[in-house]
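# Examining the three-dimensional arrangement
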Amino acid sequence: MNRILEIDLENERAVVQPGVVNLDITLAVQPLGYFYAPDPSSQRACTIGGNVSENAGGPHTLAYGVTTNHVLGLEIVLPDGSVYFTGGKEPELPGYDLVA
């Protein structure tokens, strides 16, 4: 649960598992001129799953927004084992914004 599954630079999207460390996303795309904007001071240790649950921020978020502004979709596993998908790879899908 700690892998970057897909980096789509053309659409400026990444698909990651919740255990990916925040800084690892930036390090993966930095050679290509990109960075992951939500950068809390704990970015060397905090995970994307934790960032999503806490709506983490950092210095870059003053210009680019907090975590909720950068998450398009979620795959959620509930305690009973059922899987729920919300959002997706497309920005501004119709309906309620359950990701935010």
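A quick note: this is a predicted structure, and the numbers were derived from the prediction, not measured. (Residues numbered from 1 in each chain as written. Predicted model: local features only at pLDDT ≥ 70, side-chain atom pairs only at ≥ 80, totals over all residues. Heavy atoms only, no water.)

On to the side chain of Gln17, then. Along the chain, Gln17 turns up in the loop between β2 (13-16) and α1 (22-29). Separated by 3.0 Å, the side chain of Gln17 and the backbone nitrogen of Arg3 make a polar contact. Not counting residues within four places of it along the chain, the set of residues in contact with Gln17 comprises Met1, Asn2, Arg3, Leu5 and Ile48. (Helix = DSSP H or I, 4+ residues; strand = E, 2+ residues; numbered from the N terminus. Polar contact = N/O pair within 3.5 Å; in protein donor to acceptor, adjacent residues only side chain to side chain. Contact = heavy atoms within 4.5 Å.)

Volume-wise, the largest pocket comes out at about 1,300 Å³. Along its surface, the largest pocket is lined by 38 residues, and Ala14, Val15, Val16, His70 and Val71 are the ones closest to its centre. The set of elements that each furnish at least two residues to the lining of the largest pocket consists of β1 (4-8), β2, α1, α2 (48-54), β3 (73-77) and β4 (83-87). Here the lining of the largest pocket takes five residues from β3, the largest share from any one element. Residues that form the lining of the largest pocket fall into these classes: 24 nonpolar, nine polar and five charged. Computed from the structure, the second largest pocket encloses a volume of approximately 280 Å³. Lining the second largest pocket are 18 residues, and of these Leu72, Glu92, Leu93, Asp97 and Val99 lie nearest its centre. Classifying every residue of the lining of the second largest pocket gives nine nonpolar, six polar and three charged. (1 Å grid on protein atoms, 1.4 Å probe; cavity = no way out; pocket = protein on both sides within 12 Å on 5 of 7 lines; lining within 4 Å. Points joined across faces, edges and corners; volume = space filled by probe spheres on them. Nonpolar A, V, L, I, M, F, W, Y, C, P; charged D, E, K, R; others polar.)

Here we take up the side chain of Thr61. As for its placement among the helices and strands, Thr61 is situated in helix α3 (residues 61-64). Relative accessible area serves as the criterion here: at 15%, Thr61 is assigned to the buried category. Non-local contacts of Thr61, meaning those with residues more than four positions away in its chain, are made with Ala37, Pro38, Asp39 and Val66. (Buried < 20%, exposed > 50% of the residue type's maximum accessible area, 1.4 Å probe, protein only.)

Time to look at the pairing of β3. Pairing of β3 with β4 involves five bridges; the strand directions are antiparallel. Bridge pairing in β4 places Ile76 opposite Tyr84. Between the end of β3 and the start of β4, which pair antiparallel, lie five residues, with Gly81 showing a positive phi angle near 95 degrees. (Pairing = 2+ DSSP bridges.)

Within this structure, the stated rule accounts for one aromatic pair. Consider the rings of Phe35 and Tyr64, whose centres lie 5.5 Å apart with planes at 70 degrees: the pair is edge-to-face. Of this pair, Phe35 sits in the loop between α1 and α2 while Tyr64 sits in helix α3, and the two are 29 residues apart along the sequence. (Phe/Tyr/Trp six-rings, centres within 6.5 Å; stacked < 30°, edge-to-face > 60°.)

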